[in-house]
Amino acid sequence: DVELAPGGALHSPLGVRAFGELVLPIFAAAPSESGPPLTAHQAAWVDETGVPALSALERSFCAQHGLLAPLCEDVIALLARCLQQPHHATLSQVAAESLLQLVRETGATFSQETWARVCAELKSCFDASAGEAYDGAPPPPADGVAASPLLREVSAKVEAEAPEGSGPHELQVLLLSTVYQLLQSMYPSMKLADVEGLLNCMHAMYDKASRTLQAALDGEAAPPPAELGEAVHLRLEAMSYYLQVLFSLHDKLEPAAQAGTPKRGAPPPPLGSAGHVQLIAAAAEYRLVSFCLHVLRDYLRLRERSVGGADGAARELCATALAEMTPNVVTLLQGLLAFSGPQFGKHLPAFYPLLADLIHCESPQIAAVLRELFAQRVAPHLQAEAS
């Protein structure tokens, strides 16, 4: 670091060459997603050398990113490769934290091409982790209505839940937390297409886990208990992250934003501008409302099956999924409670039948939020409409 700093012997093109030809190749032996499991000797090298060296590499790059900027995409690719590999959980964790720190420290200087590379690397991690690519947005509704608490210390939580030797499930949760944090902090600097692409990845992970659960409930598949438990947990994590990031983006929407949306064919607002933020927030609105309606319908279907529409193991699985899903439904209802007046009135016709059905649910947490929602928002809106 001292030699790369201004006045140092390597503060020149020679330093860039040394970093690219001597430092980055250190990680040629690091595990990869397609590589075989680590031997004891390789695991020891990662513990003793690889993990500390990766953190040091990120710190050096951030400290001298003005000089080392030509190597930015190489560093991003390295961090994504280390994040993606499933053989060493600590290396994945450190790579995720380093990637986030690099983006926070240097993202303001990224070109659109560099941002596209960051998003492409993360999406490739999702594709490999989920076992299939997902390029499209959630399907639009056929009838105009979709069918289809956080700022907690996500990294600490993931690290606690991903012990050494952990497998694809922990990697998937780590990917979700990484993309969540990236979208939370850096969305103003990202093109709308890149934001949409990462949101698609989060939705795809939720959808894949949901299909596993649904197949088990319908008797179409009988996955091992451990695999089914991981699918249920991943479904809840993906649902939580997806809801929270959509609510966060939607909160930036100003009442008159849709009127100012660029017309088809018009150039988009500059990245980082207020207009660009409003464009992202407006795009998040459809996703948010669609997904909220889907979650409420799914919760009600599970409840119906748990009280009489399923037998034996399926009923028990429904009851478990309901109990674990309840905090996300509470978060969803609290988000609706915080909608602006115009937005609440706009979407109430779609939500009202589902909110009415939720009254019969047994959860005291849901009942408490519903009372607030009907007393503070629904009743006043209906009274205003009647008058």
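The shown structure was predicted, so the numbers you read here are calculated from the model rather than taken from an experiment.

Colleague: Please set out the overall build of the protein chain residue by residue, giving values where relevant.
Modeller: Of the regular secondary structure elements, the protein chain holds 14 helices and zero strands. The N-to-C order of helical and strand elements in the protein chain reads α-α-α-α-α-α-α-α-α-α-α-α-α-α. In the protein chain, which comprises 387 residues, the proportion classed as buried is 50%. Counting every atom, the protein chain has about 17,700 Å² of accessible surface; 57% of that belongs to carbon and sulfur.

Colleague: Tell me what's going on with the pattern of salt bridges, and back it up with residues and numbers.
Modeller: Inspection of the entire model under this criterion finds seven salt bridges. Residues Glu196 and Arg287 are paired through a salt bridge, measuring 2.8 Å at the closest nitrogen-oxygen approach. Of this pair, Glu196 sits in helix 9 (residues 192-217) while Arg287 sits in helix 11 (residues 274-309), and the two are 91 residues apart along the sequence. Taking the relative accessible area as the measure of exposure, Arg287 reaches 4% and is therefore buried. Measuring nitrogen to oxygen at the nearest pair gives 3.0 Å for the salt bridge that ties Arg305 to Asp218. Residue Arg305 is located in helix 11, and its partner Asp218 is located in the loop between helix 9 and helix 10 (225-250); the two are separated by 87 residues in the primary sequence. Taking the relative accessible area as the measure of exposure, Arg305 reaches 22% and is therefore partly exposed.

Colleague: Mind laying out the nonpolar core, listing which residues take part and the relevant values?
Modeller: Membership of the largest hydrophobic core comes to 107 residues, with the highest contact counts inside it found for Met202 and Leu333. Not counting chain neighbours up to four residues away, the residues in contact with Leu333 comprise Leu355, Leu358, Ile366, Val369, Leu370 and Leu373.

Colleague: Can you lay out helix 10 for me, pointing to particular residues and giving the numbers?
Modeller: Helix length check: helix 10, at 26 residues, gives a terminal C-alpha distance of 37 Å against a target of 38 Å (1.5 Å per residue), a fit within 8%. With 20 of its 26 residues buried, helix 10 lies for the most part within the structure.

Colleague: Run through the environment of Pro37, naming residues and quoting values.
Modeller: The topology assignment puts Pro37 in the loop between helix 1 (13-23) and helix 2 (40-63). Note on Pro37: relative accessible area 63%, which makes it exposed. When residues no more than four places from it in sequence are discounted, the contact partners of Pro37 are Gln42 and His87.

Colleague: Give me the environment of His250: which residues, what numbers.
Modeller: Looking at where His250 falls in the secondary structure, it is placed in helix 10. Residues His250 and Gln278, 28 residues apart in the sequence, show an inter-C-alpha distance of 8.9 Å.

Colleague: A description of the confidence of the model for the protein chain should follow, citing residues and the corresponding values.
Modeller: Looking at the protein chain as a whole, its pLDDT mean stands at 79, while 83% of the residues score no less than 70. Predicted confidence is poor over residues 131-167, with pLDDT under 50, and the contacts of this stretch with residues over four places away or in other chains come to 67 contacts.

Colleague: Would you mind going over the packing of helix 4 (residues 72-84) against helix 5 (residues 89-106) in detail, with residue names and values included?
Modeller: Their axes nearest at 7 Å, the elements helix 4 and helix 5 cross at an angle of 145°. For the pair helix 4 and helix 5, the sense of crossing is left-handed. Together, Val75, Ile76, Leu79, Cys82 and Leu83 of helix 4 and Leu91, Ser92, Ala95, Ala96, Ser98, Leu99 and Leu102 of helix 5 make up the contact between the two elements. Class assignment for the residues of the contact of helix 4 with helix 5 results in ten nonpolar, two polar and no charged.

Colleague: Just give me the short version of the packing of aromatic side chains, but keep the residues and values in it.
Modeller: Here the structure, examined in full by the defined rule, presents five aromatic pairs. With centroids separated by 4.8 Å and ring planes inclined at 90°, the aromatic side chains of Tyr242 and Phe291 adopt a geometry described as edge-to-face. Residue Tyr242 is located in helix 10, and its partner Phe291 is located in helix 11; the two are separated by 49 residues in the primary sequence. Taken as a pair, Tyr242 and Phe291 share a single burial class, namely buried. For the ring pair Phe247 and Phe339, a centre distance of 6.4 Å and an interplane angle of 65° mean the geometry is edge-to-face. Taken together, the residues Phe247 in helix 10 and Phe339 in the loop between helix 12 (312-337) and helix 13 (341-358) connect sequence positions 92 residues apart. An aromatic cluster is built from Tyr206, Tyr242 and Phe291, whose rings are joined through pairwise contacts. Residue placement shows Arg377 over the ring face of Phe344; its charged tip is 4.5 Å from the ring centre.

Colleague: Pulling in residues and values, what's your account of the packing of helix 9 against helix 10?
Modeller: Relative orientation of the contacting elements helix 9 and helix 10 amounts to 145°, with a least axis distance of 8 Å. Where helix 9 crosses over helix 10, the two elements pack in a sense that is left-handed. Contacts between helix 9 and helix 10 involve Val195, Leu199, Met202, His203, Met205, Tyr206, Ala209, Ser210, Thr212, Leu213 and Ala216 from the former and Leu228, Ala231, Val232, Leu234, Arg235, Ala238, Met239, Tyr241, Tyr242, Val245, Leu246 and Leu249 from the latter.

Colleague: I'd love a proper account of the environment of Arg297, names of residues and values included.
Modeller: By the secondary structure assignment, Arg297 is in helix 11. We classify Arg297 as partly exposed; its relative accessible area is 22%. Between the C-alpha atoms of Arg297 and Leu355, which are 58 residues apart in sequence, the distance is 10.0 Å.

Colleague: Can you break down the state of the cysteines residue by residue, with the values?
Modeller: This structure, assessed with the given rule, holds zero disulfides. Free of any disulfide, Cys62 has its nearest cysteine sulfur in Cys72, 9.1 Å distant.

What counts and how
- Sequence positions are assigned chain by chain, starting from 1 and proceeding in written order.
- Predicted model: local features are reported for residues with pLDDT of at least 70 only, side-chain atom pairs are reported and counted for 80 or more only, and whole-chain, interface and lining totals are derived from all residues.
- Values reported for side chains reflect all heavy atoms of the structure, with hydrogen atoms and water molecules removed beforehand.
- Only DSSP runs of H or I with at least four residues qualify as helices, and only runs of E with at least two residues qualify as strands; both kinds are numbered from the N terminus onward.
- Throughout this description, buried means an accessible area under 20% of the type-specific maximum (1.4 Å probe, protein chains only), exposed means over 50%, and partly exposed covers the range between.
- What sets the accessible areas is the Shrake-Rupley method with a 1.4 Å probe; for residues, cover comes only from the shown protein chains.
- Any Lys or Arg side-chain nitrogen located within 4 Å of an Asp or Glu carboxyl oxygen qualifies as a salt bridge.
- Buried residues of nine kinds, namely Ala, Val, Leu, Ile, Met, Phe, Trp, Tyr and Cys, make up a nonpolar core once their side-chain atoms join them within 4.5 Å.
- When checking whether two residues touch, look at their non-hydrogen atoms; a contact exists if any pair is within 4.5 Å.
- Helix span, expected: 1.5 Å multiplied by one less than the number of residues in the helix.
- One confidence number per residue, pLDDT, is output by the predictor and ranges from 0 to 100.
- To get an axis, a line is fitted to the C-alpha atoms, and for a helix only the part in contact is used. The angle between two axes follows their N-to-C directions and goes from 0 to 180 degrees.
- By convention the crossing between two helices is left-handed if the near helix lies anticlockwise of the far one by an angle smaller than a right angle, and right-handed if it lies clockwise.
- Polarity classes work like this: nonpolar for Ala, Val, Leu, Ile, Met, Phe, Trp, Tyr, Cys and Pro, charged for Asp, Glu, Lys and Arg, and polar for all others, with Gly in that last group.
- Pairing of aromatic side chains here covers Phe, Tyr and the six-membered ring of Trp, requires ring centres within 6.5 Å, and sorts the geometry by plane angle: under 30 degrees stacked, over 60 edge-to-face, intermediate tilted.
- Whether a charge lies above a ring is judged from NZ of Lys or CZ of Arg, which has to be within 6 Å of the ring centre and within 35 degrees of the ring normal.
- Sulfur atoms of two cysteines make up a disulfide when they are within 2.5 Å.

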